[in-house]
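Reading the structure
The lines below spell out each chain.
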Amino acid sequence: MTTQLRLVTSNLLHGRSLDDGQVETNRFVRALSDLQPNVLAIQEVDRFQSRSLMVDQTAEIAAAIPGASWRFVPAITGLPGGSWLPATDTDLASGHDLVAVDPGRPAYGTGLITTLPVLSWHVIRVRPFRFRAPVFIPGINKWMMIDDEPRVCIAAVVEFNGRPLTIAGTHASFVPGWNVPQLRHIVKALGALPAPRLLLGDLNLPAPVPAAVTRWKSLANALPTFPSPNPKLQLDHMLLDDPGGRLRVCVPARTEHLPFSDHRALVVDVE
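**Focus on the sheet that holds strand E11 (residues 197-202)**
- The mixed open sheet is built from 6 strands, whose spatial order is E6-E9-E10-E11-E13-E12. Either end of the sheet is taken by a strand with one partner, and the two such strands are strand E6 (118-126) and strand E12 (217-218).
- Across 6 bridges, strand E10 (residues 163-171) lies against E11 in parallel orientation. The residue of E11 that forms the bridge with Ala168 is Leu199.

Next comes the structure, spelled out in structure tokens:
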């Protein structure tokens, strides 16, 4: 019986390294699988994009984690920053317990991987900001006005220690003020799933805002994750809604500077 879980959230930046600008599948797969996660939430994930070697990145990572079930849910189809369309549930083309609709279509979104038995999967879609907004582009080191993208939250009801547990991963908007109602929308939707509930991901909000907005407990406080070489802000978070007080942090939260992305991974062990 499993009594301890390792939770990891990582913004992939589609696997690109800030050091050499390259995407090497083995590099990010090895780095994440070496963390030995029981729950892994990943954001800014590619599926069949030319810039990332035409691979299904969630599938590649999951294949390196023994016994893993997984889902990739696209937020958009097409090229991020280029020509794209909002994804719908008919674009769910890879992962555990999904129907292959169009497995060759390029997509970009969010993945969730777990070694726990999955009882059910759920998708929560979130509207983008309606207007263009400034965003800093790493690599070229400049601000650009871009269209916000739709967002998704993937949730799984899993079995942990003989009882249900809801785990979820998401990536909120970079637009200040818009990501707060997005987060509230997600938390409200997760409230229909069994407690305890865990929400992991890049929320694009500094600590302690996510905990204050949701009234969920933060499992990692004041741990800067962005930008990865010399982090100043904690944009990546793990939140817990546990009315029965079943879960607790058993090893202090930490960040990992991995050989890809502009975010550090956040790691928390709970029991």
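Now that the structure has been shown, the text picks up again.
**Section: the sheet that holds strand E14 (residues 249-256)**
- Strand order in the open sheet formed by 7 strands is E4-E3-E5-E2-E1-E15-E14, with mixed pairing between adjacent strands. Two strands close off the open sheet at either side, each with one partner strand: strand E4 (84-86) and E14. Sheet twist, expressed as the mean angle between neighbouring strand axes with direction ignored, is 25 degrees.
- With 5 bridges connecting them, E14 and strand E15 (residues 265-270) associate as antiparallel partners. Considered in E15, the bridge of Val249 is made with Val270.

**Remarks on empty space enclosed by the protein**
- A full pass over the atoms with the stated rule returns 1 cavity of 30 Å³ or more.
- As for the largest cavity, its lining consists of Glu44, Ala75, Tyr108, Gly109, Thr110, Glu149, Pro150, Arg151, Val152 and His171.
- If you list the elements that add at least two residues to the lining of the largest cavity, you get strand E5 (107-114) and strand E9 (151-160).
- Examining the composition of the lining of the largest cavity, we find that 3 residues originate from one element, E5, more than from any other.

The rules we used
Residues numbered from 1 in each chain as written. Predicted model: local features only at pLDDT ≥ 70, side-chain atom pairs only at ≥ 80, totals over all residues. Heavy atoms only, no water. Pairing = 2+ DSSP bridges. Helix = DSSP H or I, 4+ residues; strand = E, 2+ residues; numbered from the N terminus. Axes fitted to C-alpha atoms, helices over the stretch in contact; angles between N-to-C directions. 1 Å grid on protein atoms, 1.4 Å probe; cavity = no way out; pocket = protein on both sides within 12 Å on 5 of 7 lines; lining within 4 Å. Points joined across faces, edges and corners; volume = space filled by probe spheres on them.

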